[in-house]
Amino acid sequence: MRKKLLLLALGLLVMLTSAGCFDLLAIPGAVISPDGNQIYFLKPLDNSPLMSLASVSSSGGDVTDVTTPEPGTTVTAFAVNPINGDLLYVNFDRSGAQVMA
């Protein structure tokens, strides 16, 4: 019985890794621009669970805030268009989500 359970668990693990659902090397909340010059990431706001969107040059340098959310809002998701590099993010507050470009 233990061999069957182990075989089932191994089979599920292989299915997850081959399907791309399980990525050990991914950095959550970080995206590189298509030209490779900028790295965008979520940054916590002053010891709170709220997040803002920031960027840094891939060659190093200072962190630049992309968003300056109002009190009580947080950035929950973002993406970079792989073709033209446009940045899209979601600002969320108690009233709901707002997509920003």
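**Q** Could you clarify how one ought to interpret the side chain of Ser33 in this entry?
**A** In this structure, Ser33 sits in the loop between strand S1 (30–32) and strand S2 (38–44). Of the polar contacts made by the side chain of Ser33, one reaches the side chain of Asp35; its length is 2.6 Å. Within polar-contact distance, the side chain of Ser33 engages the backbone nitrogen of Asn37 at 3.3 Å. Leave out the neighbours within four places in its chain, and Ser33 touches Gln38, Tyr40 and Val80.

**Q** Please clarify how the environment of Thr64 should be interpreted in this entry.
**A** Assignment of secondary structure puts Thr64 in strand S4 (residues 64–65). For the pair formed by Thr64 and Ala54, sequence separation is ten residues and the distance between their alpha carbons is 5.5 Å. Apart from residues lying up to four places away in sequence, Thr64 is in contact with Ala54 and Ser55.

**Q** Before we go on, may I ask you to explain the nonpolar core in this structure?
**A** Most often, soluble globular proteins have nonpolar side chains that are buried together. Counting residues in each nonpolar core, the largest one holds seven residues, listed as Tyr40, Leu53, Val75, Phe78, Val80, Leu87 and Tyr89. Breaking this core down by element, the ones donating at least two residues are strand S5 (74–80) and strand S6 (87–93).

**Q** Please explain the pairing of S5 as it appears in this structure.
**A** Regular strands place their side chains on alternate faces of the sheet. Here S5 runs beside S6; their pairing, made up of six bridges, is antiparallel. Opposite Thr74, over in S6, you have Phe92 as the bridge partner.

**Q** What's the story with the sheet that holds S4 in this structure? I'm lost.
**A** Sheets are built from strands paired through backbone hydrogen bonds, the pairs being either parallel or antiparallel. Spatially, four strands are ordered S1-S2-S3-S4 in an open sheet, and the strand pairing comes out antiparallel. The sheet is open, and its two edges are formed by S1 and S4, each paired on a single side. The pairing of strand S3 (residues 51–57) with S4 spans two bridges and is classified as antiparallel. Its bridge partner being in S4, Ala54 is matched across the sheet by Asp65.

**Q** Can you help me understand a nonpolar patch on the surface in this one?
**A** There is a patch of nonpolar side chains on the surface, built from Leu5, Leu8 and Leu12 and spanning about 310 Å² of accessible area. Inspection of the secondary structure assignment puts Leu12 in helix H1 (residues 2–18). A residue is classified by how much of its surface remains accessible, and Leu12, at 44% relative accessible area, is partly exposed.

**Q** Help me out: how do you make sense of the side chain of Ser52 in this one?
**A** Topologically, Ser52 is positioned in strand S3. Accessibility expressed as a relative area gives 1% for Ser52, which makes it buried. When residues no more than four places from it in sequence are discounted, the contact partners of Ser52 are Phe41, Leu42, Lys43, Leu45, Asp65, Thr67, Pro69 and Val75.

Reading the values: rules and limits
Residues numbered from 1 in each chain as written. Predicted model: local features only at pLDDT ≥ 70, side-chain atom pairs only at ≥ 80, totals over all residues. Heavy atoms only, no water. Helix = DSSP H or I, 4+ residues; strand = E, 2+ residues; numbered from the N terminus. Polar contact = N/O pair within 3.5 Å; in protein donor to acceptor, adjacent residues only side chain to side chain. Contact = heavy atoms within 4.5 Å. Core = buried A, V, L, I, M, F, W, Y, C linked by side-chain atoms within 4.5 Å. Buried < 20%, exposed > 50% of the residue type's maximum accessible area, 1.4 Å probe, protein only. Pairing = 2+ DSSP bridges. Patch = residues over 30% accessible without salt bridge, like charges linked within 9 Å, V, L, I, M, F, W, Y side chains within 5 Å. Areas by Shrake-Rupley, 256 points an atom, 1.4 Å probe, with all protein chains shown as cover. Salt bridge = Lys/Arg side-chain N within 4 Å of Asp/Glu carboxyl O.

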